[in-house]
Amino acid sequence: MNVRGTFKPHLAIKFKSEDGNACTFSVDTTRIPKKYRQPDAYLITHAHSDHHGKSAMLSGRAVCSDKTAIALEIRHEHKYNGSTVGMGESIDVNGVTVTTYPTGHTVGSTAFYWKNEVGTRILVTGDVKDASRLPKCDILITEANYGDHADSACHFEDDITGFNKAMEMDSSIAFGAYAFGKAQRAVELIRDFGYDGDIEMEDKSLALTQRLLDNCGELVGLGESGGEAMCVVPPWDLGKLPRDIAKYVLTGRSDYYYPAINISDHLDATGLVKMVEDIDPEVAIIYHPNGDRPAKFAEHLNSIGIESISIDNIKNVLSNEFI
Ligand SMILES: [Zn+2]
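Visitor: Please clarify how the coordination of the zinc ion should be interpreted in this entry.
Guide: Bound to the zinc ion on the protein side are H46 (NE2), H48 (ND1), H105 (NE2) and D127 (OD), at distances that span 2.2 to 2.5 Å. Of note is the zinc ion, whose 4 donor atoms meet at the metal with angles of 87 to 169° in an arrangement that counts as irregular. Of note, the zinc ion draws all its donor residues from one chain, in the sequence arrangement H-x1-H-x56-H-x21-D. A residue pair is termed long-range when its members are at least 10 positions apart, and H48 in the loop between strand 3 (41-43) and helix 1 (53-56) and D127 in the loop between strand 9 (121-124) and strand 10 (139-143) qualify at 79 residues. Judged by relative accessible area, which is 17%, H48 ranks as buried. For D127, a relative accessible area of 3% corresponds to the buried category.

Visitor: Just to check I follow, could you spell out the packing of aromatic side chains for this structure?
Guide: One pair of aromatic rings is described through two measures. These are the centre distance and the angle between the planes. For the coordinates displayed, the defined rule picks out 10 aromatic pairs. Taking the centre distance of 5.0 Å and the plane angle of 75° together, the rings of F15 and F25 count as edge-to-face. You can see F15 sitting in strand 1 (residues 11-16) and its partner F25 sitting in strand 2 (residues 22-27), a full 10 residues away along the chain. For F25, a relative accessible area of 0% puts it in the buried group. For the ring pair F163 and F193, a centre distance of 6.1 Å and an interplane angle of 25° mean the geometry is stacked.

Visitor: What exactly am I supposed to notice about the packing of helix 2 (residues 66-76) against helix 5 (residues 203-212) here?
Guide: Between two packed helices, both the angle of their axes relative to each other and the distance between the axes serve to describe the pair. Running from N to C, helix 2 and helix 5 cross one another at 160°; their axes reach a closest spacing of 10 Å. Taken as axis vectors, helix 2 and helix 5 run roughly antiparallel relative to one another. For the element pair helix 2 and helix 5, the recorded crossing hand is right-handed. In contact with K67, I70, A71, I74 and R75 of helix 2, helix 5 contributes K204, A207, L208, R211 and L212.

Visitor: When you look at helix 7 (residues 293-303) in this model, what are you seeing that I'm missing?
Guide: Residues separated by three or four positions in an α-helix point in the same direction, a consequence of the helix having 3.6 residues per turn. Every buried residue of helix 7 is listed here: P294, F297, A298, H300 and L301. Looking straight down helix 7, one finds that the buried residues subtend no more than 160° of arc, so they occupy a single side. With respect to the buried face of helix 7, the exposed residues turned more than 90 degrees away are E299 and S303.

Visitor: How should the domain arrangement of the protein chain be read in this particular structure?
Guide: Where interface size is quoted, it is often the accessible area lost as the parts come together. By domain assignment, the protein chain separates into domain 1 (11-150 + 267-321) and domain 2 (157-261). Counting residues at the interface gives 13 residues for domain 1 and 12 residues for domain 2. Carbon and sulfur atoms make up 63% of the surface buried where domain 1 meets domain 2, a total of about 1,200 Å² over both sides. Among the residues of domain 1 in contact with domain 2, K67, I74 and V107 are the three that bury the most area, contributing 43% of the side total.

Visitor: Looking at this structure, I do not really get the sheet that holds strand 8 (residues 110-115). What am I missing?
Guide: Strand pairing in a sheet takes place through backbone hydrogen bonds and is either antiparallel or parallel in direction. Read across the sheet, 7 strands follow the order 6-7-8-9-10-17-18 without closing on themselves; strand pairing throughout is mixed. Because the sheet does not close on itself, it has two edges, and the strands there are strand 6 (90-93) and strand 18 (308-310). Taken over all neighbouring pairs, the strand axes of this sheet differ in orientation by 20° on average, direction set aside. Helix-sheet contacts for helix 6 (residues 269-279) involve strand 9, strand 10 and strand 17 (283-288), and the interaxial angle to strand 10 is about 165°. Of the strands in this sheet, strand 10, strand 17 and strand 18 are in contact with helix 7, which crosses strand 18 at around 170°.

Visitor: Would you explain the pattern of salt bridges in this entry?
Guide: Side chains carrying opposite charge are able to pair once their charged atoms draw close together. Counted under the stated rule, the structure contains 11 salt bridges. For the salt bridge of R185 with D265, the shortest nitrogen-to-oxygen distance reads 2.8 Å. A residue pair is termed long-range when its members are at least 10 positions apart, and R185 in helix 4 (residues 182-192) and D265 in the loop between strand 16 (260-261) and helix 6 qualify at 80 residues. According to the relative accessible area criterion, R185 is buried, its value standing at 16%. K274 is the salt-bridge partner of D278, the closest N and O atoms lying 2.7 Å from each other.

Rules and cut-offs
Residues numbered from 1 in each chain as written. Predicted model: local features only at pLDDT ≥ 70, side-chain atom pairs only at ≥ 80, totals over all residues. Heavy atoms only, no water. Donors = N, O, S within 2.8 Å, 3.2 Å for Na, K, Ca; no water. Tetrahedral: all angles 85-135°; square planar, octahedral: opposite > 155°, others 65-115°. Helix = DSSP H or I, 4+ residues; strand = E, 2+ residues; numbered from the N terminus. Buried < 20%, exposed > 50% of the residue type's maximum accessible area, 1.4 Å probe, protein only. Phe/Tyr/Trp six-rings, centres within 6.5 Å; stacked < 30°, edge-to-face > 60°. Axes fitted to C-alpha atoms, helices over the stretch in contact; angles between N-to-C directions. Parallel < 35°, antiparallel > 145°, perpendicular 65-115°, else oblique. Left-handed = near helix turned anticlockwise from the far one by under 90°. Contact = heavy atoms within 4.5 Å. Arc of directions from axis to C-beta. Domains from an automatic or database assignment. Buried area = accessible area lost by both parts, 1.4 Å probe. Pairing = 2+ DSSP bridges. Salt bridge = Lys/Arg side-chain N within 4 Å of Asp/Glu carboxyl O.

In structure tokens form, the structure reads like this:
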């Protein structure tokens with residue numbers, strides 16, 4: 001459904017709660033115009049813009065993790081109007097107990113889990129980097145950002161060694177990383193490798209990282225550390241930094257001017273398959289992103305004996321039934 005081109009659904013799930021009430025959960029969608037019936041909840045898996053939290057956060061029916069709410073408020077400069085839930089905790093939504101599980105994709109990114117009237121276990125993951133803490137379920141609703149098994153670009157490993165080497169080679173280094181998600185990962189890696197000095201960051205990255213990361217150490221604005229600098233800035237800001245700083249982009253892409261270090265926020269194709277195998281659902285529904293990767297991932301899962309359908313093919317199944 002697309003209401004005057006403004007409503008961007010990923011997915012709405014209708015089910016009966018354990019009390020027998022009809023419920024609808026919208027997942028990663030924009031708000032439905034007020035004159036239409038509202039879902040019981042707008043579940044927001046994380047604060048990346050292609051999951052539409054910018055719109056859903058304005059509804060009192062929004063549900064997300066406490067850290068996702070903070071990220072949305074900083075990113076969009078609006079008050080978050082919904083309910084929040086701690087990571088690994090549960091929230092009651094109109095009689096349905098919804099539990100969150102970390103997916104490791106961004107700070108605060110959560111999968112949502114609940115049961116319907118007959119005890120069917122439903123899990124919606126959003127984007128996933130680390131599936132190790134996700135529970136088993138009957139209906140898995142998940143992503144396929146890198147789900148095309150036949151595409152070599154969907155097979156990768158994080159280049160942690162390359163990141164460490166870059167840190168050892170120069171004392172003044174800048175890493176190009178998107179302000180939300182990648183920048184926090186960069187700071188975590190820098191600290192993991194034992195650097196405990198100041199890290200200079202661009203304003204938005206700094207605000208997000210200070211509020212979202214628990215042990216981020218000393219973070220300062222650009223040019224504020226004095227002397228040698230360890231910087232994390234959005235990739236397009238690298239060119240604004242002094243020439244004598246070594247510069248890298250944290251990305252899987254190869255079209256940047258600066259050398260790339262492959263640090264991803266996602267599972268690759270092999271990781272996605274392993275996730276589905278471990279969760280062991282009756283059926284996997286692939287709902288994200290746009291494009292043909294969900295269909296290709298569903299096809300691959302079917303080929304290895306895991307029943308699966310991508311969301312763009314659900315309407316075909318439904319319409320074929322009426323032919
Ligand atoms: Zn994302």
